[in-house]
Amino acid sequence: MKRAVLPGTFDPFTNGHFDILLRGLRIFDEVIIAVAPNPKKQPTFTIEERIELIREATKDIGNIKVEPFSGLLVEYVKSKRASAVIRGLRAVSDFEYEFQMALMNRSLDAEVETVFLTPSLEYTFLTATIIKEVASYGGCVTGLVPENVERALKAKFK
Ligand code: ADP
């Protein structure tokens with residue numbers, strides 16, 4: 001059983017995250033979406049809301065778990081008997097931070113591998129921050145986020 005953890009803030013879950021999740025499921029038997037509270041980023045959605053939105057958006061897909069997570073990522077990965085961390089790489093701008101994190105995690109625990117996946121071209125520009133900005137001004141985000149997330153954004157910014 002090959003299990004991986006896809007960690008993030010997911011504020012909110014976008015089709016870019018979804019794309020990476022589906023790609024991860026082609027490699028691993030199970031993917032745990034680990035949702036970090038991340039108060040420093042002052043999330044728009046509470047952690048409970050973010051988890052519920054992901055669960056609803058992925059309810060028709062098997063071999064996924066959605067869980068809250070805090071603390072050291074490598075310890076969480078070990079506690080879940082997972083062997084890898086999945087991260088999405090959009091553009092060069094993601095690279096430096098992701099590279100630092102991957103090497104830091106390796107120095108903390110050499111058994112945990114980081115796997116980088118690239119999304120479909122249409123999602124390479126997509127960030128949760130841009131989605132929130134557009135939605136907050138009443139812009140259309142159809143096709144960029146799951147339908148339930150689009151409804152939640154409308155309710156949040158009405
Ligand atoms: P960040 O790490 O920028 O706060 P999240 O925590 O929401 O973003 O994202 C979790 C993971 O999903 C990260 O690996 C991030 O690079 C990846 N990701 C986010 N948006 C996309 C996208 N549009 N395409 C590919 N990967 C993405």
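Residues numbered from 1 in each chain as written. Predicted model: local features only at pLDDT ≥ 70, side-chain atom pairs only at ≥ 80, totals over all residues. Heavy atoms only, no water.

## Quick look at the site of the ligand
Around the ligand sit 14 residues in total, of which T9, K41, G88, Y123 and L126 are the nearest. Within the side chain of H17, an N or O atom sits 2.9 Å from an oxygen atom of the ligand. Contacts to the ligand include L126, whose backbone N or O atom sits 2.9 Å from a nitrogen atom. Isolated, the ligand exposes 530 Å² of accessible area, and the fraction of that covered by the protein chains is 89%. Among the detected pockets, the ligand sits in the largest pocket. Elements with a minimum of two residues in the shell around the ligand: β1 (3–8), α1 (15–27) and β4 (84–88). (Near = heavy atom within 4 Å. Polar contact = N/O pair within 3.5 Å; in protein donor to acceptor, adjacent residues only side chain to side chain. Areas by Shrake-Rupley, 256 points an atom, 1.4 Å probe, with all protein chains shown as cover. 1 Å grid on protein atoms, 1.4 Å probe; cavity = no way out; pocket = protein on both sides within 12 Å on 5 of 7 lines; lining within 4 Å. Sits in = over half its atoms within 2 Å of the grid points. Helix = DSSP H or I, 4+ residues; strand = E, 2+ residues; numbered from the N terminus.)

## Considering the packing of aromatic side chains
For the structure shown, the criterion picks out 4 aromatic pairs. For the pair F10 and F13, a centre-to-centre distance of 6.1 Å together with 55 degrees between the ring planes defines the contact as tilted. What makes F10 buried here is its relative accessible area of 3%. Take F13: its relative accessible area is 1%, and that puts it in the buried class. Grouped by ring-pair contacts, the aromatic residues F10, F13 and F18 constitute a single cluster. (Phe/Tyr/Trp six-rings, centres within 6.5 Å; stacked < 30°, edge-to-face > 60°. Buried < 20%, exposed > 50% of the residue type's maximum accessible area, 1.4 Å probe, protein only.)

## Concerning the sheet that holds strand β3 (residues 64–68)
Spatially, the 5 strands line up as an open sheet ordered β3-β2-β1-β4-β5, and their pairing is parallel. Two strands in the sheet have a free side with no partner beyond their single neighbour: β3 and β5 (113–117). The sheet shows a mean angle of 30 degrees between the axes of neighbouring strands, taken without regard to direction. Sheet contacts for helix α2 (residues 47–57): β2 (30–35) and β3; angle to β3, the most-contacted strand, approximately 175 degrees. Most of the contacts of helix α4 (residues 92–108) go to β5, to which it runs at about 160 degrees, and overall it touches β4 and β5. (Pairing = 2+ DSSP bridges. Axes fitted to C-alpha atoms, helices over the stretch in contact; angles between N-to-C directions. Contact = heavy atoms within 4.5 Å.)

## Quick notes on the pattern of salt bridges
In the structure shown here, the tally under the stated rule is 13 salt bridges. Residue K132 is joined to D11 by a salt bridge in which the shortest nitrogen-to-oxygen separation is 2.7 Å. Residue K132 is located in helix α5 (residues 128–136), and its partner D11 is located in the loop between β1 and α1; the two are separated by 121 residues in the primary sequence. Of the two residues, K132 and D11, neither departs from the other in class, the shared state being buried. A salt bridge links R87 to E98; the shortest N-O distance between them is 2.8 Å. Residue R87 is located in strand β4, and its partner E98 is located in helix α4; the two are separated by 11 residues in the primary sequence. By relative accessible area, which is 5% here, E98 ends up buried. Via salt bridges that share partners, R3, E30 and K65 belong to a single interconnected network. (Salt bridge = Lys/Arg side-chain N within 4 Å of Asp/Glu carboxyl O.)

## Looking at the layout of surface pockets
If you add up the space inside the largest pocket, you get close to 1,100 Å³. As for the largest pocket, its lining consists of 41 residues, of which P7, G8, T9, K41 and R87 are closest to the centre. Elements with a minimum of two residues in the lining of the largest pocket: β1, α1, β4, α4, β5 and α5. It is α4 that provides the largest number of residues to the lining of the largest pocket, a total of 6 residues. Class assignment of the residues belonging to the lining of the largest pocket gives a composition of 21 nonpolar, 13 polar and 7 charged. (Points joined across faces, edges and corners; volume = space filled by probe spheres on them. Nonpolar A, V, L, I, M, F, W, Y, C, P; charged D, E, K, R; others polar.)

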